[in-house]
Amino acid sequence: MSVLLEIENPMVLGHIEYPMPPYEPAVSFEMHDDFGSFIASGDVYFEIGDAIVHIDNISDYLAVGYMDESTYDMTDSEVIAYVEEHYGFAHTKK
(Lines give C-alpha, C1' and ligand atoms only; values in the text may rest on other atoms or scores of the structure.)
Protein backbone atom coordinates (compact mmCIF):
# COMPACT_ATOMS: atom_id res chain seq x y z
CA MET A 1 0.00 0.00 0.00
CA SER A 2 1.26 3.49 -0.72
CA VAL A 3 0.39 6.95 0.45
CA LEU A 4 -0.61 9.86 -1.75
CA LEU A 5 0.72 13.19 -0.59
CA GLU A 6 -0.36 16.59 -1.83
CA ILE A 7 2.60 18.83 -2.48
CA GLU A 8 2.74 22.58 -2.86
CA ASN A 9 5.59 22.78 -5.36
CA PRO A 10 4.30 24.43 -8.57
CA MET A 11 6.96 22.60 -10.59
CA VAL A 12 5.34 19.25 -9.89
CA LEU A 13 1.95 18.44 -11.30
CA GLY A 14 -0.22 15.86 -9.61
CA HIS A 15 0.67 13.59 -6.72
CA ILE A 16 3.81 11.92 -5.53
CA GLU A 17 3.34 8.38 -4.36
CA TYR A 18 5.48 7.22 -1.45
CA PRO A 19 5.60 3.56 -0.47
CA MET A 20 4.43 2.69 3.03
CA PRO A 21 7.18 1.78 5.47
CA PRO A 22 7.57 -2.00 5.81
CA TYR A 23 5.55 -3.64 8.53
CA GLU A 24 7.60 -4.31 11.64
CA PRO A 25 5.89 -6.58 14.17
CA ALA A 26 6.18 -5.74 17.83
CA VAL A 27 8.54 -8.20 19.45
CA SER A 28 7.92 -9.05 23.06
CA PHE A 29 10.04 -11.31 25.18
CA GLU A 30 7.41 -11.54 27.90
CA MET A 31 5.65 -14.84 28.31
CA HIS A 32 2.38 -15.47 30.12
CA ASP A 33 0.49 -18.67 30.75
CA ASP A 34 -3.14 -19.19 29.77
CA PHE A 35 -4.24 -17.70 33.10
CA GLY A 36 -2.25 -14.50 32.67
CA SER A 37 0.56 -15.37 35.08
CA PHE A 38 3.95 -13.99 34.03
CA ILE A 39 6.56 -16.65 33.32
CA ALA A 40 9.98 -15.22 34.13
CA SER A 41 13.36 -16.57 33.13
CA GLY A 42 14.09 -19.72 35.10
CA ASP A 43 10.41 -20.42 35.85
CA VAL A 44 8.94 -23.84 35.14
CA TYR A 45 5.85 -24.06 32.96
CA PHE A 46 3.91 -26.98 31.55
CA GLU A 47 2.62 -27.68 28.07
CA ILE A 48 -0.50 -29.81 28.38
CA GLY A 49 -2.24 -30.16 25.02
CA ASP A 50 -2.76 -26.60 23.81
CA ALA A 51 -2.47 -25.10 27.30
CA ILE A 52 0.56 -23.35 28.78
CA VAL A 53 0.39 -23.44 32.60
CA HIS A 54 2.83 -21.85 35.06
CA ILE A 55 3.97 -24.10 37.91
CA ASP A 56 2.15 -21.80 40.36
CA ASN A 57 -1.17 -22.56 38.62
CA ILE A 58 -0.72 -26.25 37.82
CA SER A 59 -2.46 -27.66 40.90
CA ASP A 60 -5.58 -25.55 40.29
CA TYR A 61 -5.50 -26.39 36.57
CA LEU A 62 -5.38 -30.13 37.26
CA ALA A 63 -8.04 -29.91 39.97
CA VAL A 64 -10.52 -28.08 37.74
CA GLY A 65 -9.73 -29.66 34.38
CA TYR A 66 -8.87 -33.21 35.38
CA MET A 67 -10.40 -33.57 38.88
CA ASP A 68 -6.89 -34.38 40.12
CA GLU A 69 -6.07 -32.75 43.46
CA SER A 70 -3.03 -34.88 44.24
CA THR A 71 -0.44 -32.21 43.40
CA TYR A 72 -1.47 -29.78 46.17
CA ASP A 73 0.72 -31.54 48.76
CA MET A 74 3.72 -32.21 46.50
CA THR A 75 7.00 -30.36 46.23
CA ASP A 76 7.85 -28.64 42.95
CA SER A 77 10.15 -31.44 41.82
CA GLU A 78 7.47 -34.04 42.60
CA VAL A 79 4.88 -32.00 40.69
CA ILE A 80 7.16 -31.75 37.66
CA ALA A 81 7.76 -35.52 37.64
CA TYR A 82 4.05 -36.27 38.18
CA VAL A 83 2.79 -33.96 35.44
CA GLU A 84 5.35 -35.21 32.93
CA GLU A 85 4.37 -38.79 33.68
CA HIS A 86 0.61 -38.26 33.42
CA TYR A 87 -0.28 -35.08 31.48
CA GLY A 88 2.32 -33.21 29.46
CA PHE A 89 5.78 -31.69 29.27
CA ALA A 90 7.63 -29.42 31.69
CA HIS A 91 9.85 -26.64 30.38
CA THR A 92 12.10 -24.08 32.05
CA LYS A 93 12.00 -20.65 30.42
CA LYS A 94 15.46 -19.50 29.39
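Given the structure is predicted, the values throughout are model-derived calculations rather than measurements.

Parameters at a glance
- Residues numbered from 1 in each chain as written.
- Predicted model: local features only at pLDDT ≥ 70, side-chain atom pairs only at ≥ 80, totals over all residues.
- Heavy atoms only, no water.
- Pairing = 2+ DSSP bridges.
- Helix = DSSP H or I, 4+ residues; strand = E, 2+ residues; numbered from the N terminus.
- Axes fitted to C-alpha atoms, helices over the stretch in contact; angles between N-to-C directions.
- Buried < 20%, exposed > 50% of the residue type's maximum accessible area, 1.4 Å probe, protein only.
- Polar contact = N/O pair within 3.5 Å; in protein donor to acceptor, adjacent residues only side chain to side chain.
- Contact = heavy atoms within 4.5 Å.

(A) Structural view of the sheet that holds strand S5 (residues 89-92). In spatial order, the strands read S4-S3-S5; together these three strands make up an open sheet with antiparallel pairing. Across the chains shown, the open sheet's two edge strands, defined by having one partner strand only, are strand S4 (51-54) and S5. Put simply, the sheet's adjacent strands are angled 30° from each other on average, direction ignored. The pairing of strand S3 (residues 44-48) with S5 spans four bridges and is classified as antiparallel. Note that in S5 the partner of Glu-47 across the bridge is Phe-89.

(B) How the structure looks around the side chain of His-54. Counting through the fold element by element, His-54 comes out in strand S4. In this structure His-54 comes out as buried when scored by relative accessible area, which is 4%. Reaching out from His-54, the side chain makes a polar contact with the side chain of Asp-43 at a distance of 3.0 Å. Excluding its chain neighbours within four sequence positions, the residues that come into contact with His-54 are Asp-33, Ser-37, Phe-38, Ile-39, Asp-43, Val-44 and Tyr-45.

Read these as spatial facts, not as claims about activity.
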